[in-house]
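Secondary and tertiary structure notes
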Amino acid sequence: MHLSDLHFGRGANWERQRVLGEDLLRKLSTLRTERDVDLLFITGDIAFAGRSGDYEQATKFVESIRSALHLAVERIFVVPGNHDIDRTVSPTGLAQVRKDIEGQTPASLPKVLTAATANIIPRQAAYRAWVRDTLKRPTLVATDTTGYRETLELSGRPFPVQVIGLDTAWLSGGDDDHERLALNRARLGELLHDDDGHPLPGLRLGLCHHPFSWLRDGRECENLARDHLQILFRGHLHQPELAVQFSPGLTPLKCVTAGALFEPSGGDMNYAGFELVDLELDLTGRPVQAQIHFWGWRGDFWAPDNHVYPNAANGLVEWKWGS
Ligand SMILES: [Fe+2]
Ligand SMILES: [Fe+2]
């Protein structure tokens, strides 16, 4: 299951409860009787202002989803979005980093980004504390600002599942973030390879909040990621989207974007939704086919949805690899 952009801390509680309450949980419980859900991905903007109060509300919701899906806490993966950054913390530090990265080349940028990490991490302190202490997922708190990698063994699967969570949001500052964010290609390369420099075995899934086009080093990071990730799950657009990032001569990268799960009326919500992704894999973990089930909020209830892709009967889109 993939959801994104919850924005806890914004909007009326009654409205949020209506969208994220009983109807959603009842339908997820029913879905759970039809199929097992292996993993829950939440791709950022869990909070609205990146403060601890926002996350207190988020905790109850994540617990309710986890319970409806009968999911162990180790199967939940999160990454931060721009609203998981407390923008009131260290604005001068951010301004300095943004100044420092101006004019850097792809070769020199990673060093500058690595040096900036210590000053910038406090801006996501509440998010990090929530993930580590409340969600009880300390391994999802990266030691730097690029991200984490976790390797899972799922029963019945003769290959590992690699989940690479990327922090595209750490340099977020406001409405002028486009092309001012960065990931750090050198560190990304480490996450995408084993200690000996070889590609990772098994199924390789990436999570991030922003499209790579929002990153200053997006092109070089995407070129690296597309050779290693089989699917990249992302959010931020508040609109679901299936996209294949092509570049001549390079492996295409399949990207699955979730709509906002909740944005109050009057906000910039185009679509409230989430996705269920069924993957058919070969014996080495390579995807053969994906079935993406779009669900949308219809104003009063949740239902399979073809609002964005009108030809997707019952909200279902099939995606094949190798063709
Ligand atoms: Fe958002
Ligand atoms: Fe966002």
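What you see is a predicted model; the values in this text were computed from it and never measured.

**A few points about the packing of helix H2 (residues 22-34) against helix H3 (residues 52-69)**
Two numbers describe how H2 lies on H3: the axes approach to 8 Å, and their chain directions differ by 30°. Taken together, the axes of H2 and H3 lie roughly parallel to each other. Between H2 and H3, the contacting residues are Leu25, Leu28, Ser29 and Arg32 on the first element and Ser64, Ile65, Ala68 and Leu69 on the second. Considering only residue class, the contact of H2 with H3 consists of 5 nonpolar, 2 polar and 1 charged.

**Examining the packing of helix H4 (residues 91-101) against helix H5 (residues 109-120)**
Axis separation between H4 and H5 bottoms out at 10 Å; the angle between their running directions is 175°. With respect to each other, H4 and H5 are oriented roughly antiparallel. Contacts from Gly93, Leu94, Val97, Asp100 and Ile101 in H4 reach Leu109, Val112, Ala116, Asn119 and Ile120 in H5. When the residues that make up the contact of H4 with H5 are grouped by side-chain class, the tally is 7 nonpolar, 2 polar and 1 charged.

**Some words on the sheet that holds strand S9 (residues 253-257)**
Read across the sheet, 6 strands follow the order S4-S5-S6-S7-S9-S8 without closing on themselves; strand pairing throughout is mixed. Of all the strands in the sheet, just strand S4 (147-153) and strand S8 (241-245) have a single pairing partner and so form its edges. Taken over all neighbouring pairs, the strand axes of this sheet differ in orientation by 20° on average, direction set aside. Of the strand pairs in this sheet, strand S6 (residues 203-207) and strand S7 (residues 231-234) are connected by 3 bridges, and their pairing is parallel. Bridge pairing in S7 places Leu207 opposite Phe233. Contacts from helix H8 (residues 218-226) reach S6, S7, S8 and S9, with the element oriented near 105° to S9.

**A closer look at the environment of Val277**
Looking at the secondary structure, you find Val277 in strand S10 (residues 273-281). Residue classification places Val277 among the buried residues on the basis of 20 C-beta atoms within 10 Å. Counting along the chain gives 105 residues from Val277 to Ser172, while the straight-line C-alpha distance between them is 29 Å. Ignoring any residue separated from it by four or fewer positions in sequence, one finds Val277 in contact with His2, Val256, Ala290 and Ile292.

**Side note on the pairing of S7**
On S7, burial covers both faces: Ile231 and Phe233 on one face and Leu232 and Arg234 on the other are all buried. You can see the chain leave S6, run along H8 and come back into S7, and the turn it takes is right-handed. Sheet topology note: the S7/S9 ladder contains 4 bridges and is parallel. For Phe233, the partnering residue across the bridge sits in S9 and is Val256.

Basis of the calculations
Residues numbered from 1 in each chain as written. Chains lettered and ligands numbered in written order. Predicted model: local features only at pLDDT ≥ 70, side-chain atom pairs only at ≥ 80, totals over all residues. Axes fitted to C-alpha atoms, helices over the stretch in contact; angles between N-to-C directions. Helix = DSSP H or I, 4+ residues; strand = E, 2+ residues; numbered from the N terminus. Parallel < 35°, antiparallel > 145°, perpendicular 65-115°, else oblique. Contact = placed C-beta atoms within 7 Å. Nonpolar A, V, L, I, M, F, W, Y, C, P; charged D, E, K, R; others polar. Pairing = 2+ DSSP bridges. Buried ≥ 20, exposed ≤ 12 C-beta atoms within 10 Å, placed from the backbone. Right-handed = clockwise from strand over helix to strand, strands pointing away.

Without other data, these values stay purely geometric and don't point to any function.
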